[in-house]
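Report on the structure
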Amino acid sequence: MTLDWNGDVLLCVQDWNKRVKLGNVYAQSLLDVWRSKAMRKWRMRLIDGKRTVAPCNKCNADGTLHGYNHVAEWTGVPTPAPAVEGATVADDSDADRI
């Protein structure tokens, strides 16, 4: 998720054409956008590794590792194993310091 200069909340910084706009912070809070049905749908799709819908289906950025430390919090289920061969999940033992 990224925030554009005009307040638009975009799905991803890699979406250069700004195809997926999830809201605008001048019309709703960022937390409301994050908790929205549309954002949840995108999160679940990407958590499951489903990159079949534009713009993700044409993207060459490997975003499969981003967010794995937070999946349990987003979904309420334990963190799945990384989808990329040889990848590891970072240790979050110092997460409470953030």
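Read on for an overview of the structure. For clarity, every value in this text was computed on a predicted model and none was experimentally measured. (Residues numbered from 1 in each chain as written. Predicted model: local features only at pLDDT ≥ 70, side-chain atom pairs only at ≥ 80, totals over all residues. Heavy atoms only, no water.)

**Considerations on the overall build of the protein**
- Within the protein, the regular secondary structure consists of three helices and three strands.
- Put simply, the protein runs from its N terminus to its C terminus through helices and strands in the order β-β-β-α-α-α.
- Across the 98 residues that make up the protein, the buried fraction comes to 24%.
- A separation of at least 24 residues holds for 21% of the contacts in the protein among residues at least 6 apart in sequence.
- Just so you have it, the protein exposes about 7,200 Å², and 53% of that area is on carbon and sulfur atoms. (Helix = DSSP H or I, 4+ residues; strand = E, 2+ residues; numbered from the N terminus. Buried < 20%, exposed > 50% of the residue type's maximum accessible area, 1.4 Å probe, protein only. Contact = heavy atoms within 4.5 Å. Areas by Shrake-Rupley, 256 points an atom, 1.4 Å probe, with all protein chains shown as cover.)

**Some thoughts on helix α2 (residues 37-47)**
- Of all the residues in α2, the buried ones are Met-39, Trp-42, Arg-43, Arg-45 and Ile-47.
- One or two positions beyond α2, positive phi appears at Gly-49, with a value near 80°.

**Side note on the sheet that holds strand β2 (residues 8-10)**
- Strand order across the open sheet formed by three strands is β1-β2-β3, with antiparallel pairing between neighbours. Strand pairing shows two members of the sheet lacking a second neighbour, β1 (2-3) and β3 (21-24), which therefore form its edges.
- As defined by bridge partners, β2 adjoins β3 across three bridges and the pair is classed as antiparallel. Residue Leu-10 lies in a different strand from β3, and its bridge partner there is Lys-21. (Pairing = 2+ DSSP bridges.)

**Considering the packing of aromatic side chains**
- Scanning the model with the defined rule gives zero aromatic pairs in all.
- One residue, Arg-43, lies across the ring of Trp-34, its end atom 4.2 Å from the ring centre. (Phe/Tyr/Trp six-rings, centres within 6.5 Å; stacked < 30°, edge-to-face > 60°. Lys NZ or Arg CZ within 6 Å of the ring centre and 35° of its normal.)

**What to know about the pattern of salt bridges**
- This structure, assessed with the given rule, holds two salt bridges.
- Residues Lys-21 and Asp-8 are paired through a salt bridge, measuring 3.7 Å at the closest nitrogen-oxygen approach. Pair noted here: Lys-21 is in strand β3 and Asp-8 is in strand β2, with a separation of 13 residues, a long-range link. (Salt bridge = Lys/Arg side-chain N within 4 Å of Asp/Glu carboxyl O.)

**Concerning unusual backbone geometry**
- Along the chain, Ala-54 connects to Pro-55 via a cis peptide bond; the corresponding omega equals 5°.
- Residue position: Pro-55 is located in the loop between α2 and α3 (71-75).
- Unlike most non-glycine residues, Lys-18 shows phi in positive territory, near 55°.
- Following the sequence through the fold, Lys-18 ends up in the loop between β2 and β3.

By themselves, these are just geometric observations and shouldn't be taken as functional.
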